[in-house]
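Below, each chain spelled out in residue letters.
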Amino acid sequence: MSVGLVLGGGGVTGAAYEMAALMAIELATGWNPNHADVVVGTSAGSYVAALVRSERLVLDSLVLAGETREEVAARIASRLFVKRPGVHVRRWVRHGILPGVLRPGLTLLLGSPAPFHAGGLADWVREQIGPDAEEWPTRPTVVVAFDVAARRRVAFGTVEAPDLPLAEAVAASSAIPLIFRPYEVEGRVYVDGGIASGTHADLVLGANEPLDLVIVLAPMAAEEARQGAWLHERVFDRVGCRSLEEEVALIRSTWPHADVLVMRPSPAVLAAMRPNPMDAKAAVPTFIRTLTAMKRTLARPEVWSVLSRHLVNASSRPGRPAPA
């Protein structure tokens, strides 16, 4: 069975959600996520994709031995929120403010100055996966960023995109406007790939052959809001759901025989993830809550029937019962 894995954006808590969800799937089916024929990662999902492709999707990628939750949060924050000199107001005027006058919306944020530099994330990727951070995975892997000047998504890892080290591509994909300044590589300036879509699931269609199964983890496309959700949460989820629905429809129309399985955080998980997905203190609670919730998610007949058909058999573990 051929499998595509799509890892959407979602900040610190989105990455924690995806790590826990993938670990739960592997525990239940025996399928290693690195065996996916194609991996597409956006923003936080690009970081998780780097862990997957380097076989570093393990517990100590999040929590080191003996650490408290407070120590985990402090370590994550120290890696992510790195300040470096340099503010480019003219870039914001040229690429954000002036075009934004004609087309109001997220365009206004493109190129905006911000307090942090995504280079800290590139360094963290290097710390986590070692020499693999300077190469590109040998198996098909796509990391999506948004080119500020060209105003289009760039799918690093494809033949039409610049050839960057994996760590640099992850940093470019994760440069959230207003939090991280635009990330410059080889004269091009990039921001978070979530500007165009939180998932970019349609990119799996670039596979050499039709896939049998596409698994989509979408932290920012929740269908059911958490109790007391803030306005920005509802907006992001609504936009994320709309983009994802269009992408899934395209996959199904192109590959009518493929199964597409979308997994999103439940309201119980969202209660740990939100309202601020960049809150490092919420990483461990999100991870734990997701592991608990995935037991129920995987046991749902419409989910387990698909996973068992594609993944359990592919892992040579026939007859494994659904999780209790």
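**Some points on the overall build of the protein chain**
Each helix and strand in the protein chain was counted, giving 10 helices and 8 strands. At a minimum sequence separation of 6, the contacts of the protein chain that also span at least 24 residues come to 74%. Looking at the protein chain as shown, the accessible area adds up to about 14,500 Å², and 56% of this sits on carbon and sulfur atoms.

**Examining the pattern of salt bridges**
Counted according to the given criterion, the structure contains 14 salt bridges. Between Arg-126 and Glu-168 there is a salt bridge; the shortest N-O distance is 2.6 Å. Residue Arg-126 is found in helix H5 (residues 119-129), and its partner Glu-168 is found in helix H6 (residues 166-173); the two are separated by 42 residues along the sequence. Accessibility expressed as a relative area gives 25% for Arg-126, which makes it partly exposed. For Glu-168, a relative accessible area of 16% gives the class buried. Here Arg-188 ties to Asp-147 by a salt bridge, and the two come within 2.9 Å at their closest N and O atoms. Remark: Asp-147 occurs in strand S3 (residues 141-147) and Arg-188 occurs in strand S6 (residues 188-192); sequence separation between them is 41 residues.

**Structural notes on the pairing of strand S8 (residues 259-263)**
Summarising the sheet, strand S7 (residues 213-217) and S8 pair through 5 bridges and their orientation is parallel. The residue of S8 that forms the bridge with Ile-215 is Leu-261. Taken together, S7, helix H7 (residues 231-254) and S8 form a β-α-β motif whose crossover is right-handed.

**Observations regarding a nonpolar patch on the surface**
Together, Leu-231, Val-235, Phe-236 and Val-239 make up a nonpolar patch on the protein surface, roughly 360 Å² of accessible area in all. With respect to the secondary-structure elements, Val-239 resides in helix H7.

**What to know about the nonpolar core**
In terms of nonpolar packing, the biggest core is built from 79 residues, with Val-48, Ile-76, Phe-156, Ile-215, Met-263, Leu-298 and Leu-307 touching the most fellow members. Counting 22 residues, the second largest nonpolar core, distinct from the first, contains Val-40, Val-214, Val-248 and Trp-255.

**A word on the pairing of strand S1 (residues 3-7)**
Of all 5 residues in S1, 5 are buried; the element is thus mostly enclosed. The pairing of S1 with S7 spans 5 bridges and is classified as parallel. Bridge pairing in S7 places Leu-7 opposite Leu-217. Across 4 bridges, the pairing between S1 and strand S2 (residues 38-42) is parallel. Counterpart to Leu-7 in the pairing with S2 is Gly-41. Between the parallel pair S1 and S2, the chain is carried across by helix H1 (residues 11-29), and the sense of this crossover is right-handed.

**Considering the packing of helix H3 (residues 69-80) against H5**
Look at H3 against H5: their axes get within 7 Å of each other, and the N-to-C directions meet at 120 degrees. As judged from the angle between their axes, H3 and H5 are oblique. On H5, the residues that touch Arg-75, Ile-76, Arg-79 and Leu-80 of H3 are Gly-120, Leu-121, Trp-124 and Glu-127. Here the residues of the contact of H3 with H5 sort into 4 nonpolar, 1 polar and 3 charged.

**Focus: helix H2 (residues 44-53)**
For H2, a buried count of 10 out of 10 residues is recorded, marking the element as mostly surrounded by other parts of the structure. Within H2 the residues assigned to the buried category are Ala-44, Gly-45, Ser-46, Tyr-47, Val-48, Ala-49, Ala-50, Leu-51, Val-52 and Arg-53. Next to the buried residues of H2 lie S1, H1, S2, H5, S3 and H6. In the segment just after H2, Glu-55 is the residue with positive phi, at about 60 degrees.

**Topic: the packing of aromatic side chains**
The geometry of an aromatic ring pair comes down to the distance between the two centres and the angle between the two planes. Taken as a whole and judged by the stated rule, the model has 4 aromatic pairs. Aromatic side chains Phe-81 and Phe-180 sit 6.3 Å apart centroid to centroid with 10 degrees between the ring planes, which places their arrangement in the stacked category. With a gap of 99 residues between them, Phe-81 in the loop between H3 and helix H4 (89-102) and Phe-180 in the loop between H6 and strand S5 (183-185) connect regions that are remote in the sequence. Following the ring pairs from residue to residue traces out a cluster consisting of Phe-81, Phe-116 and Phe-180.

**Things to note about the confidence of the model for the protein chain**
With 88% of its residues at a pLDDT of 70 or more, the protein chain has an overall mean of 89. For the stretch residues 316-324, pLDDT sits under 50, and the model shows 18 contacts to residues farther than four places along the chain or on other chains.

**Looking at the environment of Leu-57**
In this fold, Leu-57 is placed in the loop between H2 and H3. Sequence separation between Leu-57 and Met-23 is 34 residues; the distance between their C-alpha atoms is 7.8 Å.

**Some remarks on the side chain of Asn-34**
Mapped onto the elements of the fold, Asn-34 is located in the loop between H1 and S2. Side chain to side chain, Asn-34 and Glu-55 meet in a polar contact 3.1 Å long. Non-local contacts of Asn-34, meaning those with residues more than four positions away in its chain, are made with Val-52, Arg-53, Glu-55 and Arg-139.

**Focus: H3**
Across its 12 residues, H3 extends 17 Å between first and last C-alpha, which sits within 8% of the 16 Å expected from 1.5 Å per residue. Every buried residue of H3 is accounted for by Val-72, Ala-73, Arg-75, Ile-76 and Leu-80. Projected onto a plane normal to the axis of H3, the buried residues spread over an arc of 165 degrees and lie on a single side.

The rules behind these values
- Residues numbered from 1 in each chain as written.
- Predicted model: local features only at pLDDT ≥ 70, side-chain atom pairs only at ≥ 80, totals over all residues.
- Heavy atoms only, no water.
- Helix = DSSP H or I, 4+ residues; strand = E, 2+ residues; numbered from the N terminus.
- Contact = heavy atoms within 4.5 Å.
- Areas by Shrake-Rupley, 256 points an atom, 1.4 Å probe, with all protein chains shown as cover.
- Salt bridge = Lys/Arg side-chain N within 4 Å of Asp/Glu carboxyl O.
- Buried < 20%, exposed > 50% of the residue type's maximum accessible area, 1.4 Å probe, protein only.
- Pairing = 2+ DSSP bridges.
- Right-handed = clockwise from strand over helix to strand, strands pointing away.
- Patch = residues over 30% accessible without salt bridge, like charges linked within 9 Å, V, L, I, M, F, W, Y side chains within 5 Å.
- Core = buried A, V, L, I, M, F, W, Y, C linked by side-chain atoms within 4.5 Å.
- Axes fitted to C-alpha atoms, helices over the stretch in contact; angles between N-to-C directions.
- Parallel < 35°, antiparallel > 145°, perpendicular 65-115°, else oblique.
- Nonpolar A, V, L, I, M, F, W, Y, C, P; charged D, E, K, R; others polar.
- Phe/Tyr/Trp six-rings, centres within 6.5 Å; stacked < 30°, edge-to-face > 60°.
- pLDDT = per-residue confidence, 0-100.
- Polar contact = N/O pair within 3.5 Å; in protein donor to acceptor, adjacent residues only side chain to side chain.
- Expected span 1.5 Å × (residues − 1).
- Arc of directions from axis to C-beta.

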